[in-house]
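Structure assessment
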Amino acid sequence: MTSRKKLQGLVAATITPMTPDGQINLPVIRQYVDYLVNKQTVKNVFVNGTTGEGLSLSIQERKQLAEEWVCQGKDKLDHVIIHVGALSLPESQELARHAAAIGAGGIAVIAPFFFKPTKKDELVSLLQKVTSEAPDVPFYYYHIPSLTGVKIRVEELLEGIKERIPTFQGVKFSDTDLLDLAQCVHKNEAQQLEFLYGVDEQLLGALAVGANGAVGSTYNYLGRQTNLMLEAFAKPDLALARKYQFLTGEFLNFVIKLGFGVAQTKAVMTFVSGIPMGPPRLPLLGASEEFIAKAKAKLDSIVWPDGN
Ligand SMILES: CC(=O)N[C@H](C=O)[C@@H](O)[C@H](O)[C@H](O)CO
Ligand SMILES: CC(=O)C(=O)O
């Protein structure tokens, strides 16, 4: 853990490629890694999360995917983070042990969302039990209240967490509450925590309050443009950074109105990259032809500031 490169910049929340009959399509991942690195300039991945339909996969499938990403990412990717959250504690622990055994660069855990923790102590106790199975692997709490319904504020969760969870490294913060994020950054300045933002359409706002990077679905196909936004922000050339955020936002605003989720993300990634992502797994249904045609026309109509 000591020689580890700090995780910053963009992290693609990986899609799980599936065959037309709904099996996970492992052979595609090699090509997918090369595409992210060479075409999208994205060198970090977050596997088996929301975008990866992680909670719709079997434990066996999750392990196979984790192994494939770690194996194909070797010498190409900087960080491979594996999401190991599950509704059952022993399953989550098993996934954490597995991630550690295969050499994952980090693990992340979502709050259980059937029996939900309502108090900080319940959640930290569970996270402690999972993460102690991977004592050498940096751990990220995955905060996504819109999907889990667990609304414990991160600012509160972080108080004293390092004492109970020594591997605690940061947060994947997928919420629009920038006051919470800002207070997390503010109160933890002395620690080397990493705050990775997860609402892609407003990443620039999160950067302004101190996010170190971002994990999101759109970095699969808008990674190059978003990296140019990060460069502009760092310069700083805020007018240019805003231009990128406005344009990625123009696309997302358009597709969100049509109905945008993981199924549609799979379709967009397929037409942008040419890599077949396949259908989503039920209860999700594949994107309609109409959606695909409209989304493609919209994306093609955008002229990026670098002329591409
Ligand atoms: C709910 C959800 O899937 N959030 C993703 C990550 O957390 C984002 O990357 C979104 O897909 C993205 O911001 C588009 O709305
Ligand atoms: C979007 C995101 O970060 C995830 O797929 O988990």
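In this text, all values refer to a predicted model and were calculated from it rather than measured experimentally. Numbering of residues starts from 1 in each chain and follows the order in which that chain's sequence is written. As they are written, the chains are lettered A onward and the ligands numbered 1 onward, keeping that order. Given that the model is predicted, a residue must reach a pLDDT of at least 70 before its local features are reported, and side-chain atom pairs must reach 80 or more before they are shown or counted; all residues, however, enter totals for whole chains, interfaces and linings.

The omega angle of the peptide bond from K235 to P236 is -5°, so this bond is cis rather than trans. Secondary structure elements are taken from DSSP: a helix is a run of H or I of four residues or more, a strand is a run of E of two residues or more, and numbering for both begins at the N terminus. Here P236 shows up in the loop between α10 (223-234) and α11 (238-258). For T41, which is not glycine, the phi dihedral falls at a positive 50°. Structurally, the position occupied by T41 is in the loop between α1 (29-38) and β2 (44-47). Positive phi, normally seen in glycine, also occurs at N48, with a value near 70°. As for its placement among the helices and strands, N48 is situated in the loop between β2 and α2 (59-73). Here a residue counts as buried when 20 or more other C-beta atoms sit within 10 Å of its C-beta, as exposed when there are 12 or fewer, and as partly exposed otherwise, the C-beta atoms being derived from the backbone. On the neighbour-count criterion, N48 (27 C-beta atoms within 10 Å) is buried.

With respect to topology, eight strands assemble into a closed barrel ordered β1-β2-β3-β4-β5-β6-β7-β8, the strand pairing being parallel. The mean inter-strand angle of the sheet, taken between neighbouring strand axes irrespective of direction, is 25°. Where strand β3 (residues 79-83) meets strand β4 (residues 106-110), three bridges bridge the pair, whose relative direction is parallel. Bridge pairing in β4 places H83 opposite A108. Note that contacts rest on C-beta atoms placed from the backbone: two residues are in contact if these are within 7 Å. Here an angle of 0 to 180 degrees is reported between the N-to-C directions of two axes, which are lines fitted to C-alpha atoms, with helices fitted over the stretch in contact. In the packing of α2 onto the sheet, contacts are made with β2 and β3, and the angle to β2 comes to roughly 170°. Should DSSP find at least two bridges between two strands, the strands are taken to pair.

Right, let's talk about the UniProt feature "active site" (unreviewed entry) in the protein chain for a bit. UniProt positions are given in the numbering used here, feature names are shortened, and annotations may be inferred rather than shown by experiment. Per the UniProt annotation, the sites labelled "active site" (unreviewed entry) are Y142 and K172. These annotated residues cover 31 residues of sequence, and their C-alpha atoms lie no more than 4.8 Å from one another, placing them together at a single site. Tracing the sequence through the fold places Y142 in strand β5 (residues 139-143). Judged by the 26 C-beta atoms lying within 10 Å of it, Y142 falls in the buried class. Beyond its immediate stretch of four places on either side in the chain, Y142 contacts G49, H83, G85, A108, V109, I110 and K172.

Here we come to the site of ligand 1. Near ligand 1, the surroundings consist of 14 residues, among which S174, G198, D200, G216 and S217 are the closest. Tallied by class, the residues present in the shell around ligand 1 amount to five nonpolar, seven polar and two charged. Near, for a residue, is defined by distance from a backbone-placed C-beta atom to a molecule or strand, with 6 Å as the limit that must not be exceeded. Under the scheme applied here, ten amino acids are nonpolar (Ala, Val, Leu, Ile, Met, Phe, Trp, Tyr, Cys and Pro), four are charged (Asp, Glu, Lys and Arg), and all others, including Gly, are polar.

Those places that UniProt annotates as "binding site: pyruvate" (unreviewed entry) correspond, in this numbering, to T51 and V215. Of the residues just listed, which span 165 residues, no C-alpha pair is farther apart than 10.5 Å, and they cluster in one region. Exposure remark for T51: the 25 C-beta atoms within 10 Å place this residue in the buried category. Among the secondary structure elements, V215 is positioned in strand β8 (residues 213-216). For V215, the contacting residues outside a window of four places in its chain are V11, A13, F46, K172, L196 and G198.

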